[in-house]
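Observations on the model geometry
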Amino acid sequence: DSKERTYIMLKPDAVNRRLIGEILSRFEKRGYNVVGLKVLTPSRELAEAHYAEHKERPFFKGLVDFLTSGPVVAIVIEGDNAVATARTMIGVTKPQASAPGTIRGDLSIDVGRNIIHGSDSVESARREIGLWFRPVEIVDFKPVDHAWVYE
Ligand code: DAT
Ligand code: MG
């Protein structure tokens, strides 16, 4: 399914460190399409809704403080197996356990500054895209090189 979508978010550390282009280019070069993209500083309500599954965890407040501290880049990526492949490209939650070659493994050190979010399942992706984007903010398009990326 070359139309699978995932929600990717560059956190305030990535934006402040001017890593937007570096990170976005990895998905683009791989062959994934950017079909939604915006910069915003999320409200507390939005950040808490995004991380609702972690609301009882000790790091929740710090996580929400961090996410609301500065701009994030909200992104919808589309392509075959986008959810799982993006997670592989991102690495694991702890940057020091993330392999070199992954985004976190190449560009971050600390779990609280791990620079990027990626949806963990197709269900989460649907929920998160709905939280961060209105339908009109996501485009339906097929790049002209489609046949050079997919057999
Ligand atoms: P992921 O972002 O890899 O999906 P997660 O959903 O378990 O990881 O946690 C969401 C974010 O919360 C994670 O990117 C960074 C932060 N976090 C997770 N575990 C943490 C911990 N033990 N200490 C501090 N922050 C943590
Ligand atoms: Mg997660």
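These figures come from a predicted structure and were not determined experimentally.

The next subject is the overall build of the chain. Along the backbone of the chain there are eight helices and four strands. In the chain, the succession of helices and strands from N to C terminus is β-α-α-β-α-α-β-α-α-β-α-α. Against the globule reference of 15 Å for 151 residues, the chain gives a C-alpha radius of gyration of 15 Å, in line with a compact fold. Viewed in the frame of its principal axes, the chain has a C-alpha envelope of about 45 × 35 × 25 Å. In the chain, buried positions account for 46% of the 151 residues. Considering only intrachain contacts with a sequence separation of at least 6, the fraction spanning at least 24 residues in the chain is 78%. For the chain, the exposed surface amounts to about 8400 Å²; the carbon and sulfur share of it is 54%. If the 21 positive side-chain charges of the chain are averaged to one point and the 21 negative ones to another, these points end up 5 Å apart.

Turning to the sheet that holds strand 1 (residues 5-10), a few remarks are in order. Strand order in this open sheet of four strands is 2-3-1-4, and the pairing throughout is antiparallel. Unpaired on one side and paired on the other, strand 2 (33-40) and strand 4 (116-118) mark the two borders of the sheet. Averaged over all adjacent pairs, the angle separating strand axes in this sheet is 15 degrees, with direction ignored. The sheet contact formed by strand 1 and strand 4 spans three bridges and is antiparallel. The residue of strand 4 that forms the bridge with Leu 10 is Ile 116. The sheet strands contacting helix 7 (residues 122-132) are strand 1, strand 2, strand 3 (72-78) and strand 4, and the helix crosses strand 1 at an angle near 55 degrees.

This paragraph deals with the UniProt feature "active site" (unreviewed entry) in the chain. The sites that UniProt annotates as "active site" (unreviewed entry) are His 117. Beyond its immediate stretch of four places on either side in the chain, His 117 contacts Tyr 7, Ile 8, Met 9, Lys 11, His 50, Tyr 51, Ile 90, Arg 104 and Glu 128.

Surrounding ligand 1, one finds Lys 11, Tyr 51, His 54, Phe 59, Leu 63, Arg 87, Thr 93, Arg 104, Val 111 and Asn 114. Contact between ligand 1 and Arg 104: an oxygen atom at 3.0 Å from a side-chain N or O atom of the residue. In this structure, ligand 1 is accommodated by the largest pocket. Residue composition of the shell around ligand 1, by class: four nonpolar, three polar and three charged.

Below, the discussion takes up the environment of Phe 59. For Phe 59, the position within the fold is in the loop between helix 3 (44-50) and helix 4 (60-67). Classification of Phe 59 by relative accessible area gives partly exposed; the value is 39%. Linking Phe 59 and Gly 112, residues 53 residues apart in sequence, is a C-alpha distance of 8.8 Å.

Parameters and conventions
- Residues numbered from 1 in each chain as written.
- Chains lettered and ligands numbered in written order.
- Predicted model: local features only at pLDDT ≥ 70, side-chain atom pairs only at ≥ 80, totals over all residues.
- Heavy atoms only, no water.
- Helix = DSSP H or I, 4+ residues; strand = E, 2+ residues; numbered from the N terminus.
- Rg over C-alpha atoms; globule rule 2.2 N^0.38 Å.
- Buried < 20%, exposed > 50% of the residue type's maximum accessible area, 1.4 Å probe, protein only.
- Contact = heavy atoms within 4.5 Å.
- Areas by Shrake-Rupley, 256 points an atom, 1.4 Å probe, with all protein chains shown as cover.
- Lys, Arg positive; Asp, Glu negative; His and termini not counted.
- Charge placed at Lys NZ, Arg CZ, Asp CG, Glu CD.
- Pairing = 2+ DSSP bridges.
- Axes fitted to C-alpha atoms, helices over the stretch in contact; angles between N-to-C directions.
- UniProt positions renumbered as here; feature names shortened; annotations may be inferred.
- Near = heavy atom within 4 Å.
- Polar contact = N/O pair within 3.5 Å; in protein donor to acceptor, adjacent residues only side chain to side chain.
- 1 Å grid on protein atoms, 1.4 Å probe; cavity = no way out; pocket = protein on both sides within 12 Å on 5 of 7 lines; lining within 4 Å.
- Sits in = over half its atoms within 2 Å of the grid points.
- Nonpolar A, V, L, I, M, F, W, Y, C, P; charged D, E, K, R; others polar.

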